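So the chains spell out like this:
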Amino acid sequence: MKKLNKIAILFALCLAPVITRAQDSTLKIPAEVKPFVEKGAAAVALETGDLNGDGTMDFILVTEKTKAETGATDNADDERSLLILVRGGGAGKLTLAKRNEKVVYCRSCGGVMGDPFAGVEVRRNGFTVNNYGGSSWRWSESYVFNYSRRDNTWQLVRATEETFNALEPKKVKTKILLPKNFGKIDINDFDPAKIGKRD
């Protein structure tokens, strides 16, 4: 019996680092952000930065509906939401400034490569959303948004699309679109399908 207990303790000690690593990889959501994760949704990404240049730290939160809530199958709608949370007023309380349902691609939108969401990069007065996927033909798409003080919103300023064959990764075809190509697009209204498709 003592031998079994020693084995169990040794097993638990060996397993502890694995459990710790798994917990560390879990996205930690600050208390002030949790109310913006809607019921039946889970946070996928959270980035912080001064998104509107007012000297305070804001957040970009990406969420998706959980399969348990939607009764989802592998082919179910699994679209994601990008939320821009900014501080306002004297108390500096977070408020939802803007929302978009299309800029971050769904879990099943990456083809053979799987989940195509490649992260959000935040900087002062703006951010970039990256997606990557494909199979033998790979594609990547990045969308850059800058804050407009005049319009009090974030607008698309650059869209970069790249495609290449996995067997020839150095032969990349790049397509760059600027406001002169697509006009003024608010983050609320942005839809990748409306500014050009991969060739």
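Residues numbered from 1 in each chain as written. Predicted model: local features only at pLDDT ≥ 70, side-chain atom pairs only at ≥ 80, totals over all residues. Heavy atoms only, no water.

Enquirer: Please provide a residue-by-residue account of the pairing of strand β2 (residues 58-65), values included.
Expert: Counted residue by residue, β2 has 7 buried out of 8 residues, so it is predominantly covered. Pairing of strand β1 (residues 41-49) with β2, which is carried by 8 bridges, proceeds in the antiparallel orientation. Each bridged residue has a counterpart across the sheet, and for A43 the counterpart in β2 is T63. (Buried < 20%, exposed > 50% of the residue type's maximum accessible area, 1.4 Å probe, protein only. Helix = DSSP H or I, 4+ residues; strand = E, 2+ residues; numbered from the N terminus. Pairing = 2+ DSSP bridges.)

Enquirer: Outline the sheet that holds β1, supporting the account with residue identities and numerical values.
Expert: Across the sheet, 4 strands lie side by side as β1-β2-β3-β4; this open sheet has antiparallel pairing. For this open sheet the edge positions go to β1 and β4 (93-100), each flanked by a neighbour on one side alone. Averaged over all neighbouring strand pairs, the angle between strand axes comes to 25°, with direction disregarded. Judged from the 6 bridges that link them, β2 and strand β3 (residues 80-88) form a sheet pairing that is antiparallel. Bridge pairing links V62 to L82 in β3. (Axes fitted to C-alpha atoms, helices over the stretch in contact; angles between N-to-C directions.)

Enquirer: I'd like a rundown of the environment of T48, residues and numbers included.
Expert: Mapped onto the fold, T48 is located in strand β1. Between the C-alpha atoms of T48 and V122, which are 74 residues apart in sequence, the distance is 6.8 Å. Ignoring anything within four residues of it in the chain, the contact list for T48 reads M57, D58, F59 and V122. Within the structure, T48 has its side chain in polar contact with the backbone oxygen of D58 (distance 2.8 Å). (Contact = heavy atoms within 4.5 Å. Polar contact = N/O pair within 3.5 Å; in protein donor to acceptor, adjacent residues only side chain to side chain.)

Enquirer: Lay out the nonpolar core with the relevant residues and their values.
Expert: Residues L82, I84, F127, Y143, F145, W154 and I195 are the most contacted members of the largest nonpolar core, which totals 27 residues. When contributions to this core are tallied by element, the ones reaching two or more residues are β2, β3, β5 (117-123), β6 (126-134), β7 (137-148) and β8 (153-165). With 4 residues, β7 is the single largest residue contributor to this core. (Core = buried A, V, L, I, M, F, W, Y, C linked by side-chain atoms within 4.5 Å.)

Enquirer: Can you break down unusual backbone geometry residue by residue, with the values?
Expert: Even without a glycine there, the phi angle at N125 is positive, about 70°. A relative accessible area of 24% means that N125 is categorised as partly exposed. Positive phi values are uncommon outside glycine, yet N152 reaches one of about 55°. On the accessibility criterion, N152 (52% relative accessible area) is exposed.

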